[in-house]
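Take a look at the letters that make up each chain.
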Amino acid sequence: MSAFYYPGSEAFKGIPTACISDALDTFGINGGLEGLRALGSGMALAGPAYTLQYEPVPEGETASAGEFIDEVPEGHVVVIANGGRQYCTVWGDLLTHAAKIRGLRGTVIDGCCRDATAILQTGYPLFSLGSYMKSGKNRVRLAARQVPVTIGSTVVRPGDIVAADDSGVIVIPKDVSEQAYRRVKEIEVMEERILLDLQNGMPMKEARIKHRYNQYALRVNV
Amino acid sequence: MSAFYYPGSEAFKGIPTACISDALDTFGINGGLEGLRALGSGMALAGPAYTLQYEPVPEGETASAGEFIDEVPEGHVVVIANGGRQYCTVWGDLLTHAAKIRGLRGTVIDGCCRDATAILQTGYPLFSLGSYMKSGKNRVRLAARQVPVTIGSTVVRPGDIVAADDSGVIVIPKDVSEQAYRRVKEIEVMEERILLDLQNGMPMKEARIKHRYNQYALRVNV
Amino acid sequence: MSAFYYPGSEAFKGIPTACISDALDTFGINGGLEGLRALGSGMALAGPAYTLQYEPVPEGETASAGEFIDEVPEGHVVVIANGGRQYCTVWGDLLTHAAKIRGLRGTVIDGCCRDATAILQTGYPLFSLGSYMKSGKNRVRLAARQVPVTIGSTVVRPGDIVAADDSGVIVIPKDVSEQAYRRVKEIEVMEERILLDLQNGMPMKEARIKHRYNQYALRVNV
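Residues numbered from 1 in each chain as written. Chains lettered and ligands numbered in written order. Predicted model: local features only at pLDDT ≥ 70, side-chain atom pairs only at ≥ 80, totals over all residues. Heavy atoms only, no water.

**Some words on the UniProt feature "binding site: Mg(2+)" (unreviewed entry) in chain A**
What counts is decided by this rule: UniProt positions are given in the numbering used here, feature names are shortened, and annotations may be inferred rather than shown by experiment. Accessibility here uses a 1.4 Å probe with only protein chains present; expressed as a share of the type maximum, an area under 20% marks a residue as buried, one over 50% as exposed, and anything in between as partly exposed.
This chain's UniProt record puts "binding site: Mg(2+)" (unreviewed entry) on Asp115(A). Its relative accessible area of 10% is what places Asp115(A) among the buried residues.

Okay, structure coming up:
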């Protein structure tokens, strides 16, 4: 086990998701979660996933709010797989306050949050399909926790690294996190060099060739 | 008739739509308008609805802009039911200036506005499916005013209370507005107590049980 | 040839897209690009289009990033027709820096950009369907440059004027740009007069009739 997926790890914090995606591309891994976006501009997070699977409540049945927040370990990112449902919500201001008290790194929802104004005021990083106001109580329920969940076509396993910024949310499988981190660092160096050459007047095409830009996404281990 | 749906009423101003939604849930009423969002972060409104029904203009016919703004009473919220059409707009900067001059509380559109930059500068609260620039003239026309209109699966009647914030738009039927307001106040007290207990170190599960959190959405009159 | 579609032209800069749309409506031209929006609030641009057609890469083939930026002339707006694809991106921070160095006016994408945080920091005007993080490399490729492209139902030709603001993106065909500009100026004067009358207490209906507001969209050459 590596430091990269320990709860305390912040290795991927501050690295653009685009750079992480390019690193994963070199391994043939597509970790992007399509359609999810930051609740507020400038939000970012990185940390190991604590996964939750939600499911609809059959018509006529009742169901309480999901009880899980007390069990999420410090430093984790809550990942709620709610099948893209936008007619109700699975996260709000009380959970946000509880998450901050527990030292969580943020929340990612394949669905909606509510209390958007209050969450924005806390600065807690939240990524979702949008916000709405209807409670999930009686509409959806927690079916399983800490199991592999599927968001779009991407599987998220407990302990996988989740990273997010204004470009969206990406998942780094835990068993490649160290290799991905090394690749990210190579790409960052290359991109800084291209930018420096651009600023010194070199054409983009020449700068990309010089620094082997296109090699970094041809699914070969450069 | 109650003060809650008088034009001057501001009873629901400042109350989160999530809290209003939870109150309505206890009566089995779902007032949320799915997909509508604030034009700018931090916008909020509350007030009685002045409803307008729009319809498409048959191909080849012409039609003027809707003439209604001079008749909307002070303190009302304009609610435009435009069937979710996003290929043209039914609200812009001139209407915004006129609405401010008349002392209206805001506008809610099941469709698009235009002049987004100018509207944002006025601070006038506007909630819609998005913004675009094409005029509705010759494309859609005003079919009826102050009639019950349907947005998504929710019926909005003239005088119903409309409330909106960063989580979206919700409608409180006027005949339950007083009961809903009392229920909202109970929920607010409960949520403040839960938050206080969380801040004092109580686990969420315990705090929710202590304050009967889940009772408030089980469609029973607690 | 008119100054309006020369690379140096800024004639339409600062004019609201809604006003441009009303002018085009009087000629029966619909230039709006549905669904495209500013990456950040307050972004605006105007300038001649440099068009690029993208296409998907067949499964199993590889493809480099599109090489075009070195050839876009100063003062142009890059228009990328990527068929509305949102599963990968065709613009990022390096291209943004190169575009600023070359003195371009902005970029319009029928698809997604990445590096949203970095682009927002530069203030470069970017309009797209959204942001994501996956590279377009190996997923889409540049098929043609400076050809007529279709975005939604609107054709954009090289040299057409593109204008954009918080209400979205609109295209002014180059062969009507001068007439459209004159019509825009007439509409601006009319709207200012209506606004002044509103502020002096005139009802909207009266002000619109007085200044012949509805004449300006009845597809007749007033």
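**Some words on helix α1 (residues 17-26) of chain C**
All names here are of chain C. Operational definition: Helix numbers and strand numbers start at the N terminus; a helix is a DSSP run of H or I with at least 4 residues, a strand a run of E with at least 2. Any two residues whose heavy atoms approach within 4.5 Å at even a single point are treated as in contact.
Where burial is concerned, most of α1 is hidden: 10 out of the 10 residues are buried. Of the surrounding secondary structure, the elements contacted by the buried residues of α1 are β11 (161-165), β12 (168-172) and α4 (177-199). Positive phi shows up at glycine 28, right after α1, with a value of about 75 degrees.

**Quick word on the UniProt feature "binding site: substrate" (unreviewed entry) in chain A**
Residue and element names in this part refer to chain A. UniProt records the feature "binding site: substrate" (unreviewed entry) at Gly92, Asp93, Leu94, Leu95 and Arg114, using the numbering of this structure. Taken together, the annotated residues stretch across 23 residues yet fold into one region, lying no more than 10.4 Å apart by C-alpha. With respect to the helices and strands, glycine 92 occurs in the loop between β4 (77-89) and α2 (93-101). Relative to the assigned elements, leucine 94 resides in helix α2. Among the residues examined, leucine 94 registers a relative accessible area of 6% and is labelled buried.

**Regarding the domain arrangement of chain A**
Residues and elements named next belong to chain A. Defined as follows: The split into domains, and so the bounds of each, comes from an automatic or database assignment of domains. Buried area counts how much accessible surface, traced with a 1.4 Å probe, disappears from two parts once they are put together, with both parts' losses summed. Here, a salt bridge means any side-chain nitrogen of Lys or Arg that lies within 4 Å of a carboxyl oxygen of Asp or Glu. As used in this structure description, the phrase polar contact means that two N or O atoms lie within 3.5 Å; if the pair is within protein, one of them must be able to donate a hydrogen and the other to accept it, and residues adjacent in sequence are counted only when both atoms belong to side chains.
According to the domain assignment, chain A contains domain 1 (3-22 + 30-173) and domain 2 (180-217). Centre-to-centre, using C-alpha coordinates, domain 1 lies 33 Å away from domain 2. At the junction of the two partners, domain 1 supplies nine residues and domain 2 supplies eight residues. Note on domain 1 versus domain 2: buried area summed over both sides is about 690 Å², and carbon and sulfur give 76% of it. By the criterion of area lost to domain 2, the three top residues of domain 1 are Ile15, Cys19 and Asp22, representing 61% of everything that side buries. Put simply, domain 1 and domain 2 have zero salt bridges between them. At the boundary of domain 1 and domain 2, one finds zero residue pairs in polar contact (both at pLDDT 80 or more). Counting residues per element, the side of domain 1 that touches domain 2 draws most heavily on helix α1 (residues 17-25), at three residues.

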